[in-house]
Amino acid sequence: MTLTDPHDQISRLESEIERLSEAVERCRKIAIAARTAILAGGVLLAAILLGLIRADGLSLMLVTILGIGGFVLYGSNDTTAKQLAAGVEEAERQRSELIGQIELTLVPEPSKLLH
């Protein structure tokens, strides 16, 4: 088999699809963490506004860090996830084309039971 053999290319593409899919899953987990940070910042801000927590420098800093940090993390992670998903789609399209180029051999069904 040569480097341009469709079987080798399909194998390489399947490895790439698996690698990209794992990265998309990591992005999904990061997105959950980012949304949690945004929610925590919002809850902390609401508690400060309702007077449940004293508005000191630390609590205001936490509201800012959680809110802005969560939005920034979510935004950059969302862009990365979209790029990775596009990469998965492209690799799957290429794999489908290569599979379509291979001459498949049909195996006839046995006419008798073998056992």
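Here's a quick rundown of the structure. Predicted model, so just to flag it, every value in this text is computed and none were measured. Each chain has its residues counted from 1, following the order in which its sequence is written. Reporting of local features is limited, given that this is a predicted model, to residues whose pLDDT is at least 70; pairs of side-chain atoms are given and counted only at 80 or more, and all residues count toward the totals for whole chains, interfaces and linings. Side-chain metrics in this entry use all non-hydrogen atoms of the structure; hydrogen atoms and water are not considered.

**Points about the overall build of the chain**
Argument step 1. Helix and strand definitions here come from DSSP, where helices need a minimum of 4 consecutive H or I residues and strands a minimum of 2 consecutive E residues; each element is numbered from the N-terminal end. Scanning the chain from terminus to terminus reveals two helices and zero strands.
Argument step 2. Within these notes, the globule rule equals 2.2 Å times the number of residues to the 0.38 power, and the radius of gyration is based on C-alpha atoms. Its C-alpha atoms give the chain a radius of gyration of 25 Å, more than 25% over the compact-globule value 13 Å for 115 residues.
Argument step 3. With respect to the principal axes defined by its C-alpha atoms, the chain has extents near 80 × 40 × 15 Å.
Argument step 4. Expressed as a percentage of the 115 residues in the chain, the buried residues total 22%.
Argument step 5. In the chain, 74% of the contacts between residues at least 6 apart in sequence involve partners at least 24 apart.
Argument step 6. For the chain, the exposed surface amounts to about 8800 Å²; the carbon and sulfur share of it is 64%.
Argument step 7. Of the side-chain charges in the chain, 11 are positive and 15 negative, and the distance between the mean point of each set is 9 Å. Each residue's exposure class comes from its accessible area (1.4 Å probe, protein chains only) as a fraction of the maximum for that residue type: buried when under 20%, exposed when over 50%, partly exposed otherwise. Contacts between residues were defined by any pair of non-hydrogen atoms, one from each residue, lying within 4.5 Å. Residue-level accessible areas treat just the shown protein chains as cover; the underlying method is Shrake-Rupley with a 1.4 Å probe. By the counting scheme adopted, Arg and Lys are positive, Glu and Asp are negative, and His together with the chain ends is not counted. Lysine's charge is taken at NZ, arginine's at CZ, aspartate's at CG and glutamate's at CD.

**A look at the environment of Arg28**
Argument step 1. When you line up the elements, Arg28 lands in helix H1 (residues 6-49).
Argument step 2. Take Arg28: its relative accessible area is 42%, and that puts it in the partly exposed class.
Argument step 3. Sequence separation between Arg28 and Ala81 is 53 residues; the distance between their C-alpha atoms is 7.7 Å.

**Considerations on H1**
Argument step 1. Expected span of a helix: the number of residues minus one, times 1.5 Å. With 44 residues, H1 extends 63 Å between its outermost C-alpha atoms, agreeing within 8% with the 64 Å of an ideal straight helix rising 1.5 Å per residue.
Argument step 2. Downstream of H1 by one or two residues, Gly51 has phi in the positive range, about 85°.

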